[in-house]
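The chain contents come next:
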Amino acid sequence: MIVLYGGSFNPPHIGHRIIAEYAYDYLKPNKFLITPAVIPPHKLDEKNIANFELRKKWCEIAFPKERFTVSDIENDLPKPSYTYQTVLKLKELYNDDIYLLIGEDSLINFHTWYKWKQLIDEVTLVVYKRYSEKLKFENYKLPHIFLNSPLIEISSTDIRNRVKKGLSIYGMVSDKIVQEIKNTYR
């Protein structure tokens with residue numbers, strides 16, 4: 001089994017890492033891929049996205065190599081970066097089951113994803129909490145595995161906003177990338 005945890009990781013933060021650790025321990029995959037999107041399709045208009053190579057480098061620092069592999073697979077695929085294309089390529093490369101790790105917010109909006117009906121046939125969805133009300137999970141009809149993980153109320157947007165205001169981001173991101181993040185989003 002391969003776990004695919006994709007996102008913009010703009011920047012990667014401690015919440016991403018905690019969710020990945022919970023998913024790793026719960027699923028015990030053969031391979032766990034952290035996959036920064038080269039051009040996230042839902043953020044085409046976003047002006048404040050760091051370049052792909054920088055976000056990839058940050059992910060390599062934030063996620064330990066002993067458990068996670070940061071993949072640049074989307075760099076070689078058509079742009080923007082669609083999960084469906086990534087999954088098909090991974091299946092071709094690894095011939096293994098793909099478990100797609102997504103947040104509850106993504107589950108609720110899954111019907112807006114590129115080729116979502118085909119994608120749901122190619123993966124097993126693993127969903128982590130983004131809201132305090134479990135009711136949202138219970139009312140959503142797509143098949144998924146619920147990851148019993150803590151609710152983490154931190155986001156990349158919050159971190160970028162804190163940097164713009166001159167506030168601390170220590171403890172929210174890896175200490176090794178704090179200065180680069182400050183320099184990028186200031």
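Please refer to the structure higher up on the page.
In what follows, the accompanying structure is described.

Calculation notes
Residues numbered from 1 in each chain as written. Predicted model: local features only at pLDDT ≥ 70, side-chain atom pairs only at ≥ 80, totals over all residues. Heavy atoms only, no water. Helix = DSSP H or I, 4+ residues; strand = E, 2+ residues; numbered from the N terminus. Rg over C-alpha atoms; globule rule 2.2 N^0.38 Å. Buried < 20%, exposed > 50% of the residue type's maximum accessible area, 1.4 Å probe, protein only. Contact = heavy atoms within 4.5 Å. Areas by Shrake-Rupley, 256 points an atom, 1.4 Å probe, with all protein chains shown as cover. Lys, Arg positive; Asp, Glu negative; His and termini not counted. Charge placed at Lys NZ, Arg CZ, Asp CG, Glu CD. Pairing = 2+ DSSP bridges. Salt bridge = Lys/Arg side-chain N within 4 Å of Asp/Glu carboxyl O.

### Re the overall build of the chain
A tally of helices and strands in the chain yields eight helices and six strands. Helices and strands appear in the chain in the N-to-C order β-α-β-α-β-α-β-α-α-β-α-β-α-α. Taking 16 Å as the expected radius of gyration for a compact globule of 186 residues, we find that the chain reaches 16 Å, a close match to that expectation. Over its C-alpha atoms, taken along the principal directions, the chain stretches across nearly 45 × 40 × 35 Å. Among the 186 residues that make up the chain, the fraction classed as buried is 44%. The contacts in the chain between residues at least 6 apart in sequence include a share of 68% that link residues at least 24 apart. Per element, the accessible surface of the chain, about 9,700 Å² overall, is 47% carbon and sulfur. Each charge class in the chain can be summarised by its mean position, and for the 27 positive and 23 negative side chains these summaries are 4 Å apart.

### Considering the environment of Val 3
With respect to the helices, strands and loops of the structure, Val 3 is situated in strand 1 (residues 2-7). Taking relative accessible area as the criterion, Val 3 reaches 0% and is therefore assigned buried. Counting along the chain gives 141 residues from Val 3 to His 144, while the straight-line C-alpha distance between them is 14 Å. Contacts of Val 3, omitting those with residues within four sequence positions, involve Leu 27, Pro 29, Lys 31, Phe 32, Leu 33, Tyr 99 and Leu 101.

### Focus on the pairing of strand 4 (residues 98-103)
Regular strands have side chains that alternate between both faces of the sheet. Here strand 4 lies mainly inside the structure; six of its six residues are buried. By the alternation rule, side chains of strand 4 split into Ile 98, Leu 100 and Ile 102 and Tyr 99, Leu 101 and Gly 103, which are all buried. Summarising the sheet, strand 1 and strand 4 pair through three bridges and their orientation is parallel. Pairing of Ile 2 across the sheet is with Ile 98, part of strand 4. Two strands pair when backbone bridges link them, and strand 4 and strand 5 (residues 123-128) are joined in this way by six bridges, in the parallel orientation. Across the sheet, Ile 98 pairs through a bridge with Val 123, a residue of strand 5.

### A closer look at the pattern of salt bridges
Two side chains that carry opposite charge are able to pair once their charged atoms sit near each other. Applying the stated criterion across every chain, the model contains seven salt bridges. With a shortest N-O distance of 3.0 Å, Lys 56 and Glu 60 are connected by a salt bridge. Of this pair, Lys 56 and Glu 60 both sit in helix 2 (residues 52-62), four residues apart, which is roughly one turn of that helix. The class for Lys 56 is buried, based on a relative accessible area of 14%. Residue Glu 60 is classed as partly exposed on the basis of its relative accessible area, which comes to 30%.

Everything listed is a geometric property; what it means functionally is a separate question.
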